[in-house]
Every structure is written in structure tokens, then in C-alpha cells.
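Chain residues, written in single-letter form:
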Amino acid sequence: MPKPQGFGRAVRSAPVRIALVGATGLLGRKMISLSSASDIVRIVGLARREVELPQGARIEMFVAQTPWWGEVLDGVRPQALICALGTTWAKAGRSEERFREVDYDLIVNTAKQARAAQVPNLVLISAAGADPRAKMLYLKVKGETEAELSSLGFKRLDILRPGLLKGAREDDWRPLEFAAKLVSPLAEPLLPEHMAKFRTIDADVVSQAALQLSMRKAAGRYTHDNDAMMRAAREWRARVDGHPVG
């Protein structure tokens, strides 16, 4: 009896299409590099202007003004949207209004367009300590954004709350962040337990976790601290290496 064609060979499924906003930042660029090095996901990027992509990037990049991003998402129909948008107090010119324009308005409006386009999953890169009741503006706005996205009705919402990110940024010098990274190996072991969530975490780990979580099927709202992201990142690496992921 002749052997069926393809018998004994693993059948590769097509890459999962994942939309990404925030492709120019530290995490966005790492996610593009990670996805380009595997056949697990294929990123569809949304940007307001042309951007220089990492060498060897395999990505569909759509350049359009933000009101049109919903039409792109409706046409692409990705499994998930990963939102890595965000600015800093300094980049916003120390203006609360300009800071909110990115870290609240732009993120919420993009999420609403994704919801209208029936994108089932949303992965948000937030920050450790995010809380709408926080006194610090940065954490307060992050918390308000999380709360608003939680009300939009996504089938699955994953909120990542990393501590201080470790990784080389391009054209984005942050002296306070740099200083914190230098002292963190000595200071972090002395942090009390309730401050553990602010410990440093490698940007590669956060990026791997975001990609892995974007493919999850179980419905619900999930918040991930550093430890949870490390577990998800290990699952991503196992998937890349061809090991079964439970």
C-alpha cells in the first residue's frame, strides 16, 4: 500500500497574524525581530509615518493616520492587537495634556477601533504600579487606561505590568532610567516584598511574553507581573524551539 504523501512529516500551520502599534519603541522593535526569526506569528504594524525597521524584518507595515487604523484592522482581521504605545513626561514637554494624548487618548481610541473591527484579543503594555488612584501622574494615567480598556468588551485582555525595562533604546536617552539600571543589581535584593513589582525586567522577556499571550484562546481579563511574564516568555521560547506548550 503506497505511503500517503507527506506522511511522517510535521504539518506547519500558517503564522498567526498579530497587529502591533508602537513599532518604533524598544518593545515594538524587539517584537518585530522576534516574530521575524520564527514562523509562529506574523506582525502587521500600524504607524502614522514611515519607520526604519530592524534588519531582516518580516512584517506588513501600514502607514496611515490614526482615524484610519480601524479600516486596516477590519481588512487584516488579526487574532490580536498588541499595544506598545507610550511616551514619557519629558517627550510630552512636561505637559499633562500632551502626555494623556498618547498614553490615554491614542491607546483608548486605537483599542475602540480594534473592538469595532472585531479583533478578539488585546495585549496592553502598561506599567508596574498602574492605578487610577495613584498620586503619580504616570501611574494614574496608566491605571485609567487599563480601566477604560477593561470596559470595551474584548474576548481576552492581557495587561502586562513590567517593572523597569532593561534594553538598549535607539535615540531615546533616559538618564534616570539609566542610573536606576546601574544601581538595580545592588538595590533590588534590598527591596521590601511590596516593592518587588518594580524590579527590572529584560525587554526581550516582556516582548516574548506579549507575543505568547497574544495567541492565548481562553477568555477573560488577565494582569501579568514580572514573574508571570517570565513564565509566558519561557513558553514562547519553548514554542520557538519546537517543544509542545500546554
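Refer to the preceding data block for the structure.
So, here is what we can say about the structure in this document. Keep in mind the model is a prediction, meaning the values are calculated, not measured.

Here's the deal with the pairing of strand S4 (residues 80–83)
Across the two faces of S4 the burial is the same, with Ala80 and Ile82 and Leu81 and Cys83 all buried. With four bridges joining them, strand S1 (residues 16–21) and S4 adopt parallel strand pairing. Counterpart to Leu20 in the pairing with S4 is Ile82. Crossover S4 to strand S5 (residues 121–125) through helix H3 (residues 96–116) is right-handed.

Overview of helix H2 (residues 69–76)
Of the residues making up H2, those classed as buried are Trp69, Gly70, Val72, Leu73 and Val76. Each buried residue of H2 lies within a common arc of 160° when the element is viewed along its axis, so the set occupies one face. Structural note: H2 exposes Glu71 and Gly75 on the side pointing more than 90 degrees away from its buried face. As for H2, its buried residues are in contact with S1, strand S2 (41–47), strand S3 (59–63) and H3. Backbone geometry just after H2 places Arg77 at a positive phi near 55°.

Notes on the pattern of salt bridges
Applying the stated rule across the entire model yields 13 salt bridges. Two residues, Lys30 and Asp204, come together in a salt bridge whose shortest N-O distance is 3.3 Å. You can see Lys30 sitting in helix H1 (residues 26–36) and its partner Asp204 sitting in helix H6 (residues 203–214), a full 174 residues away along the chain. For Arg42, the salt bridge is made with Asp39, and the minimal N-O distance between the two is 3.7 Å. The exposure class assigned to Arg42 is buried, which follows from its relative accessible area of 16%. Asp39 sits in the partly exposed class, given a relative accessible area of 40%. Within the structure, one salt-bridge network assembled from shared partners comprises Glu96, Arg100, Lys140 and Glu144.

Looking at the packing of H3 against helix H4 (residues 137–150)
Interaxial distance between H3 and H4 falls to 10 Å at its minimum, and their mutual angle equals 20°. Taken together, the axes of H3 and H4 are roughly parallel relative to one another. Handedness of the H3/H4 crossing: right-handed. For the pair H3 and H4, the contacting residues are Glu96, Phe99, Arg100, Asp103, Tyr104, Ile107, Val108, Ala111 and Lys112 in the first and Leu137, Tyr138, Lys140, Val141, Lys142, Glu144, Thr145, Glu148 and Leu149 in the second. Tallied by class, the residues present in the contact of H3 with H4 amount to nine nonpolar, one polar and eight charged.

Criteria and cut-off values
Residues numbered from 1 in each chain as written. Predicted model: local features only at pLDDT ≥ 70, side-chain atom pairs only at ≥ 80, totals over all residues. Heavy atoms only, no water. Buried < 20%, exposed > 50% of the residue type's maximum accessible area, 1.4 Å probe, protein only. Helix = DSSP H or I, 4+ residues; strand = E, 2+ residues; numbered from the N terminus. Pairing = 2+ DSSP bridges. Right-handed = clockwise from strand over helix to strand, strands pointing away. Arc of directions from axis to C-beta. Contact = heavy atoms within 4.5 Å. Salt bridge = Lys/Arg side-chain N within 4 Å of Asp/Glu carboxyl O. Axes fitted to C-alpha atoms, helices over the stretch in contact; angles between N-to-C directions. Parallel < 35°, antiparallel > 145°, perpendicular 65-115°, else oblique. Left-handed = near helix turned anticlockwise from the far one by under 90°. Nonpolar A, V, L, I, M, F, W, Y, C, P; charged D, E, K, R; others polar.

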